[in-house]
Number of protein chains: 6
Amino acid sequence: MPVCVTDIERVPDNIVSLYQGAEVATVHEAQGRKGLLASYMKPIYRPAKIAGPAVTCEVAPGDNWMLHVAVEQCRPGDVLVVAPTSPCEDGYFGDLLATSLKARGVIGLIMDAGVRDIATLTEMGFPVWSKAVFAQGCVKETVGNVNIPVVCAGALINPGDLIVADDDGVVVVRREEAEAVQAKVAQRSANEEAKRVRFEAGELGLDVYNMRPRLAEKGLRYVKTLQDV
Amino acid sequence: MPVCVTDIERVPDNIVSLYQGAEVATVHEAQGRKGLLASYMKPIYRPAKIAGPAVTCEVAPGDNWMLHVAVEQCRPGDVLVVAPTSPCEDGYFGDLLATSLKARGVIGLIMDAGVRDIATLTEMGFPVWSKAVFAQGCVKETVGNVNIPVVCAGALINPGDLIVADDDGVVVVRREEAEAVQAKVAQRSANEEAKRVRFEAGELGLDVYNMRPRLAEKGLRYVKTLQDV
Amino acid sequence: MPVCVTDIERVPDNIVSLYQGAEVATVHEAQGRKGLLASYMKPIYRPAKIAGPAVTCEVAPGDNWMLHVAVEQCRPGDVLVVAPTSPCEDGYFGDLLATSLKARGVIGLIMDAGVRDIATLTEMGFPVWSKAVFAQGCVKETVGNVNIPVVCAGALINPGDLIVADDDGVVVVRREEAEAVQAKVAQRSANEEAKRVRFEAGELGLDVYNMRPRLAEKGLRYVKTLQDV
Amino acid sequence: MPVCVTDIERVPDNIVSLYQGAEVATVHEAQGRKGLLASYMKPIYRPAKIAGPAVTCEVAPGDNWMLHVAVEQCRPGDVLVVAPTSPCEDGYFGDLLATSLKARGVIGLIMDAGVRDIATLTEMGFPVWSKAVFAQGCVKETVGNVNIPVVCAGALINPGDLIVADDDGVVVVRREEAEAVQAKVAQRSANEEAKRVRFEAGELGLDVYNMRPRLAEKGLRYVKTLQDV
Amino acid sequence: MPVCVTDIERVPDNIVSLYQGAEVATVHEAQGRKGLLASYMKPIYRPAKIAGPAVTCEVAPGDNWMLHVAVEQCRPGDVLVVAPTSPCEDGYFGDLLATSLKARGVIGLIMDAGVRDIATLTEMGFPVWSKAVFAQGCVKETVGNVNIPVVCAGALINPGDLIVADDDGVVVVRREEAEAVQAKVAQRSANEEAKRVRFEAGELGLDVYNMRPRLAEKGLRYVKTLQDV
Amino acid sequence: MPVCVTDIERVPDNIVSLYQGAEVATVHEAQGRKGLLASYMKPIYRPAKIAGPAVTCEVAPGDNWMLHVAVEQCRPGDVLVVAPTSPCEDGYFGDLLATSLKARGVIGLIMDAGVRDIATLTEMGFPVWSKAVFAQGCVKETVGNVNIPVVCAGALINPGDLIVADDDGVVVVRREEAEAVQAKVAQRSANEEAKRVRFEAGELGLDVYNMRPRLAEKGLRYVKTLQDV
């Protein structure tokens, strides 16, 4: 039953390259507020920012055997995404696996469990987003799956989907939607830049977004003191 | 029903200025161990330290509309305090709102919910204490209240009260007690400084605080080994 | 009933010195995956790394009186280990106690509760691993025990046991096992170093650990696409 | 500094009696969605339902001394409300204190901490809403305050305010607003009853609340299959 | 963008009927240990057991408007599955909605958020599995989606998939796999029944499963006392 | 390295029998407030109450193989105590293992992890105290230890120690202290009974425990209103 899928379709390089520098919050908004991983996914050091296609790995709790199978499926630019079949905070990943991934050109790890050796990972500059930091090691007894769809930190991730991660967290963009979403990200970023200039100049959001009439309609009252209510 | 109170009384500037450099732990002790916000309120970067009067903002879960109403009520030196009406970790606040607040001279944000764009907020040097970091954005559909008393992270905060925040967390001082508390803070700081000199010289707390007689009275026994018990 | 044990046997200095630089994850593996404290124990700043014998202190919730008793029992090189009798996140420890411990040559604190003044502790370079950061102070009303066995963050710690702590967390090594464990730590570190060279050269864990036959035996199938399953 | 206030003004009996049978969810809605305690407050047995004026008690963590002071301030029909000054799950309250409260006619306990002896409390039919069940006992060393305003489970409660609690949780109604809120509760309950009849008859909320036009306006599309999007 | 899909394909009635009485744990094992929702999903009363096709509903945090849209899509025997787009514990569902669902023949609710009126729901015998019980109500301002694939409590659920829920939790079975899985469930149940007889007769699992040789191979040693190690 | 210790010394039957009916809270107090397991340990049904000697079992996360080894070491009257080597909520235990334990006369289970089949366990009347209820099953790949000292839910438990569990939680009494503690439990229960009579008669704890002078000494002030402070 356990499988390792070898020929996955990845989001194309030229689209990935357009996401370099994109912010997770902007991508999330641009694709209609979906695809965000749970807020407990934290980078082990800051600042950190990556974008690349997902290689997915499903593991048993406390068992990191399949990570070695997954490493072989990774190409330069990939992001390894690991999801346990039940919640676990054990340290699935440390400096040796990071050395191996780095040697293959992998740019980062998304781990819905624990990692360890974070001092060395930080020195190596290998970015990891994880649920926990925990020195507790794993066994290698149970096989799982590589490159099947997984639910990781509450989000569905298919192999080849685009992962974008920064200090705010992690978002997934469907492979087949990545191009369309990128256009909206670019538009949104430009729009935000224009707004930033106005905010810096002291304009209020109430005016920039023309909120006053709708607030009045909803019944917001301005009073001098609470006694006036 | 929703209101925005415009003429709040703030803790006076001359008193606020006496709190610059004051530590949250010292303020909390000085006012008789009260006013502390929950320990889950964390600064997005360290070190960070602020003191200023509160502008309060009550919001619906997942809805940051009222923040724009609150911004207009802020003056230079203010601290914006945001409390959702039920627990929420969504990202209510990002770099655009920070730009707007900074343009008005606001010195920091206390958010009993999530924030995002923390890489940019860190670069901007705009300090935020929050319950969570989460890229999940908000809608703008429900009106709330500005400058009413709120319970934020377990503490009652009135508009105009003094907020002091540092790497240890956040404490609120009642506007009308701020002057009296400050005198105790100063006394306590001086007292601590004197003690620090004695501790550095190797004196023991047992002697500095004359604890030995009371410990004996309470029945503490010194034994060479556990077998002696 | 409350006792302070004065003549504890410590893991010898010459053994402690062999642990300088040892990693928590490696020590944990080397002693057969035991002795790890819970993953919620975090250093207040990073990087941080210590190794030394434990002086143990059992305290009532919200009451830090016994810390002063414990300080007197500490010698240069010791690590103070504090465990409350029921879960508590109050700030048991701040800069004055740190000053006192530092004056006695204590190298760090393991606190299964909260600490405060972390900005100053960071400046002082006094490392602390704790469950929480919380400005909430303590009373001094209830006596506890010093240098008895305690359960701290889920691990049994006897006075004189060896504590090793780094960015990954905290591990305890039994005093009487510390020498034998150290031999395994050294062997393991050398072994890891050799593996790192192979991983850097691009070898796969599948080959370095000869995993392929056993994976096949367990039924792992390689397929081109999920449709092939 | 610690005080016990003896002459508090309670919400009048005739108003309290109108709240018998009122549901927490309805009261919360009726007063404009405020006053709810945190969702972690659970009844120790179900079903349970009370309404009565609050006697408030502020305690140190792990210290239940002040409960005995508070008992003396209670009258028949009162609800005792206990809030620790920092989070604590210790068992502040057991069958002896329940016996004492029951003897005075107190109708229930709201405890933002732990309780114990719940088997006996259940047999006695003394309802308790608490944050935790924990056999860990308390000391009696630190004095606190009785009948001052407290923040309990995230809600501000003044002595004499009305507490309503049922299987859904706990809500507080300001003493001075209790009469006006009750009118809205009654109206709301009648309104809900009328709606229930329509729902039982198979009418849809979409029609009962006339939601279809506004949903269309917001852009909701009905499609046969996802492929139609 | 928001859609309501009206013509979903449901797992057929004759297959659903074969799952009546099936246990969640058995179903989960039978389909290869997948499809389980997070352990925080609890029934509001016990015992409770249902099996039926899912109608899915995606909602904004604190906003239950779409539930009314979803109700109209439900048929007798359906299970309504609700997932918020970010974590929320508000009370999305109470007795009026339950009355409406019951009138349409819906057999239960799976809510990855809070519910309220649980005393009435219990009296009505309408089973609910939820993340929380919380009286906090919702607004009706933001439209979401009905009958799209959702991630609910960590599991991917498509409209029409089979939901099985009991006192242990909730599991989802893909519509297209429901028949094949049911065969394995039946086989597994029979197998367990046979084992139960042997266990009742005092046989050991060590023998029933023939574990002794493999335990020996893995190095398990039997010793009289720990001193023998 | 993994061992199963076969000849453990149990707390004698005649002492165990004296604990029948003893309450966890009373035992905990009687032995000087120690030995309590964490408050997250909950009975799967209420009321439930047991007392018996511990057979201990240390397991890997997500792996319940060793439970079968432990069953063989159990005698009538024993309590099986299971502790994972790192935190885990998987369902280690269900109705088949319960049938096996019951056939051997085991009176209950203490599981610092998850259990499943709780509907059946409840029907069987087999009491379990656990950290979680979760249908997620386990693998059988990794050997652990039986009848070694374990830390279970934060408490050290040696094989043969006495376990007492009821609706309030779980407490462990050292085998060699069980007799002495029992005497104190009996004394304490009698004492509580006497006090209950006085409380029922309306006497106050303030008088029963003669607290008034010490409260005055600590500075407690009685005031009519807060304005009097």
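Every value quoted in this text rests on a predicted model; they were computed, and no experiment measured them. (Residues numbered from 1 in each chain as written. Chains lettered and ligands numbered in written order. Predicted model: local features only at pLDDT ≥ 70, side-chain atom pairs only at ≥ 80, totals over all residues. Heavy atoms only, no water.)

Q: I'd like a description of the interface of chain C and chain B, backed by residues and values.
A: With 41 residues of chain C at the interface, the matching set in chain B holds 39 residues. Carbon and sulfur atoms make up 58% of the surface buried where chain C meets chain B, a total of about 3,500 Å² over both sides. Counting the surface chain C buries against chain B, the share from its top three residues, W65(C), H68(C) and L96(C), is 18%. The interface formed by chain C and chain B contains four salt bridges. Residue E141(C) is joined to R214(B) by a salt bridge in which the shortest nitrogen-to-oxygen separation is 2.8 Å. In this assembly, chain C and chain B are joined by 17 residue pairs in polar contact (both at pLDDT 80 or more). Those elements that provide at least two residues to the side of chain C that touches chain B are β1 (3-5), α3 (65-72), α4 (95-103) and α5 (118-124) of chain C. With six residues, the single largest contributor to the side of chain C that touches chain B is α3(C). (Contact = heavy atoms within 4.5 Å. Buried area = accessible area lost by both parts, 1.4 Å probe. Salt bridge = Lys/Arg side-chain N within 4 Å of Asp/Glu carboxyl O. Polar contact = N/O pair within 3.5 Å; in protein donor to acceptor, adjacent residues only side chain to side chain. Helix = DSSP H or I, 4+ residues; strand = E, 2+ residues; numbered from the N terminus.)

Q: Provide a residue-level description of the environment of A25(C), including the pertinent values.
A: Residue position: A25(C) is located in helix α2 (residues 24-30). A relative accessible area of 4% means that A25(C) is categorised as buried. The spacing of A25(C) and V185(C) is 160 residues in sequence and 9.9 Å in space, taken between C-alpha atoms. For A25(C), the contacting residues outside a window of four places in its chain are R116(A), D117(A), A135(A) and D168(C). (Buried < 20%, exposed > 50% of the residue type's maximum accessible area, 1.4 Å probe, protein only.)

Q: Which residues make up the pattern of salt bridges, and what are the values?
A: Residue and element names in this part refer to chain B. One pass over the structure, following the stated rule, counts 90 salt bridges over all chains. Between D161 and R174 there is a salt bridge whose closest N-O contact spans 2.5 Å. Of this pair, D161 sits in the loop between β9 (155-157) and β10 (162-166) while R174 is found in the loop between β11 (169-173) and α6 (178-200), placing the two residues 13 residues apart along the sequence. The exposure class of R174 is buried, given its relative accessible area of 19%.

Q: Please set out the packing of aromatic side chains residue by residue, giving values where relevant.
A: All told, the structure shown has 12 aromatic pairs over all chains when counted by the stated rule. Ring plane angle 25° and centroid distance 6.0 Å describe the contact between F93(B) and F126(B), whose orientation is recorded as stacked. You can see F93(B) sitting in the loop between β4 (79-84) and α4 (95-103) and its partner F126(B) sitting in the loop between α5 (118-124) and β6 (128-133), a full 33 residues away along the chain. Residue F93(B) is classed as buried on the basis of its relative accessible area, which comes to 1%. Just above the ring of W65(C) sits the side chain of R214(B); from NZ or CZ to the centre is 4.4 Å. Over the face of the ring belonging to Y40(D) we find K131(D), whose NZ or CZ atom lies 5.1 Å from the ring centre. (Phe/Tyr/Trp six-rings, centres within 6.5 Å; stacked < 30°, edge-to-face > 60°. Lys NZ or Arg CZ within 6 Å of the ring centre and 35° of its normal.)

Q: Provide a residue-level description of the interface of chain F and chain A, including the pertinent values.
A: At the interface, 11 residues of chain F touch 11 residues of chain A. Between chain F and chain A, the buried area comes to about 810 Å², and carbon and sulfur atoms account for 50% of it. Scanning the region where chain F abuts chain A turns up zero salt bridges. Here chain F is connected to chain A by two residue pairs in polar contact (both at pLDDT 80 or more). Its residues assigned to classes, the side of chain F that touches chain A shows four nonpolar, five polar and two charged. (Nonpolar A, V, L, I, M, F, W, Y, C, P; charged D, E, K, R; others polar.)

Q: I'd like to hear about unusual backbone geometry, residue by residue, with values.
A: For the peptide bond that leads from R46(E) to P47(E), omega is -5°, which places it in the cis range. Relative to the assigned elements, P47(E) resides in the loop between β2 (42-43) and β3 (50-59). Its identity as a non-glycine residue notwithstanding, N210(E) has a phi of 50°, on the positive side. Note that N210(E) resides in the loop between α7 (205-208) and α8 (212-217). The residue A153(F) is not glycine, and still its phi comes out positive at about 50°. Positionally, A153(F) belongs in the loop between β8 (150-152) and β9 (155-157). Judged by relative accessible area, A153(F) falls into the buried class, the value being 4%.

Q: Hey, could you go over the nonpolar core for me, with residue numbers and the actual values?
A: Among soluble globular proteins, nonpolar side chains are generally buried collectively. Residues and elements named next belong to chain B. F93 and I110 are the most contacted members of the largest nonpolar core, which has 64 residues in total. Take this core: its biggest share by element is six residues, from helix α3 (residues 65-73). Not counting the four nearest positions on each side in its chain, I110 is found in contact with L37, M41, V79, L80, V81, V82, W129, C152, I163, A165 and V170. (Core = buried A, V, L, I, M, F, W, Y, C linked by side-chain atoms within 4.5 Å.)

Q: Tell me about the arrangement of the chains, and name the residues and values.
A: Considering only C-alpha positions, the minimal separation of the non-contacting chain A and chain D is 14 Å. Considering only C-alpha positions, the minimal separation of the non-contacting chain B and chain F is 14 Å.

Q: Break down the relation of the copies chain F and chain A for me, with residues and values.
A: Mapping chain F onto chain A calls for a rotation angle of 180° and an axial translation of 0.0 Å; the resulting RMSD is 0.0 Å. Here the transformation between the copies is reduced to the relation of a two-fold axis. (Least-squares fit on C-alpha atoms with pLDDT ≥ 70 in both.)

Q: Tell me what's going on with helix α4 (residues 95-103) of chain F, and back it up with residues and numbers.
A: With seven of nine residues buried, α4(F) is to be regarded as a mostly interior element. If you check which residues of α4(F) are buried, you get D95(F), L96(F), L97(F), A98(F), T99(F), S100(F) and L101(F). Here the buried face of α4(F) lies against α6 (178-200) of chain E together with α3 (65-72), β4 (79-84) and α5 (118-124) of chain F. Two residues or fewer after α4(F) comes G105(F), characterised by a positive phi angle close to 90°.

Q: Could you give an account of the relation of the copies chain C and chain B, naming the residues involved and the relevant values?
A: Taken as rigid bodies, chain C and chain B are interconverted by a rotation of 120° and an axial shift of 0.0 Å, the fit giving an RMSD of 0.0 Å. Taken together, these values place the two copies in the relation of a three-fold axis.

Q: I'd love a proper account of the packing of helix α3 (residues 65-72) of chain E against helix α4 (residues 95-103) of chain E, names of residues and values included.
A: All names here are of chain E. Taken N-terminus to C-terminus, the directions of α3 and α4 make an angle of 15°; their axes are 10 Å apart at the nearest point. Relative to α4, the element α3 is oriented roughly parallel. The interaxial crossing formed by α3 with α4 has left-handed handedness. Of the residues in α4, those touching α3 at L67, H68 and V71 are L97, S100 and L101. Looking at the contact of α3 with α4 residue by residue, the classes come out as four nonpolar, two polar and no charged. (Axes fitted to C-alpha atoms, helices over the stretch in contact; angles between N-to-C directions. Parallel < 35°, antiparallel > 145°, perpendicular 65-115°, else oblique. Left-handed = near helix turned anticlockwise from the far one by under 90°.)

Q: Any details on the pairing of β4(F)? Residues and values, ideally.
A: On a regular strand, one side chain projects to one face of the sheet and the next to the other, so that they alternate. Residue and element names in this part refer to chain F. Counted residue by residue, β4 has six buried out of six residues, so it is predominantly covered. On β4, burial covers both faces: V79, V81 and A83 on one face and L80, V82 and P84 on the other are all buried. The β-α-β motif built from strand β3 (residues 50-59), the intervening α3 and the parallel element β4 has right-handed crossover chirality. Chirality of the crossover, the property in question, places the unit of β4, α4 and strand β5 (residues 108-115) among those that are right-handed. (Right-handed = clockwise from strand over helix to strand, strands pointing away.)

Q: Outline the side chain of D63(A), listing residues and values.
A: With respect to the element layout, D63(A) can be found in the loop between β3 (50-59) and α3 (65-73). R214(C) is the oppositely charged side chain nearest to the buried, salt-bridge-free D63(A), at an N-O distance of 7.2 Å. Every residue in contact with D63(A), bar those within four places of it in the chain, is listed here: Y92(A), C138(A), V139(A), K140(A), E141(A) and T142(A). (Lys, Arg positive; Asp, Glu negative; His and termini not counted.)

Q: Please set out the state of the cysteines residue by residue, giving values where relevant.
A: Such a bond, covalent and formed between the sulfur atoms of two cysteines, is termed a disulfide. Overall, the coordinates contain zero disulfides over all chains when judged by the stated rule. Here C88(E) stays unpaired: no disulfide links it, and the sulfur of C138(E), its closest cysteine neighbor, is 6.2 Å away. Using a relative accessible area of 2% as the deciding quantity, one classes C88(E) as buried. Free of any disulfide, C152(F) has its nearest cysteine sulfur in C57(F), 11 Å distant. (Disulfide = S-S within 2.5 Å.)

Q: For the pairing of strand β10 (residues 162-166) of chain F, give the residues involved together with the corresponding values.
A: Residues and elements named next belong to chain F. For β10, a buried count of five out of five residues is recorded, marking the element as mostly surrounded by other parts of the structure. On β10, burial covers both faces: L162, V164 and D166 on one face and I163 and A165 on the other are all buried. Direction of pairing for β3 relative to β10: antiparallel, over a ladder of four bridges. Within β10, the position partnered with P53 by the bridge is L162. (Pairing = 2+ DSSP bridges.)

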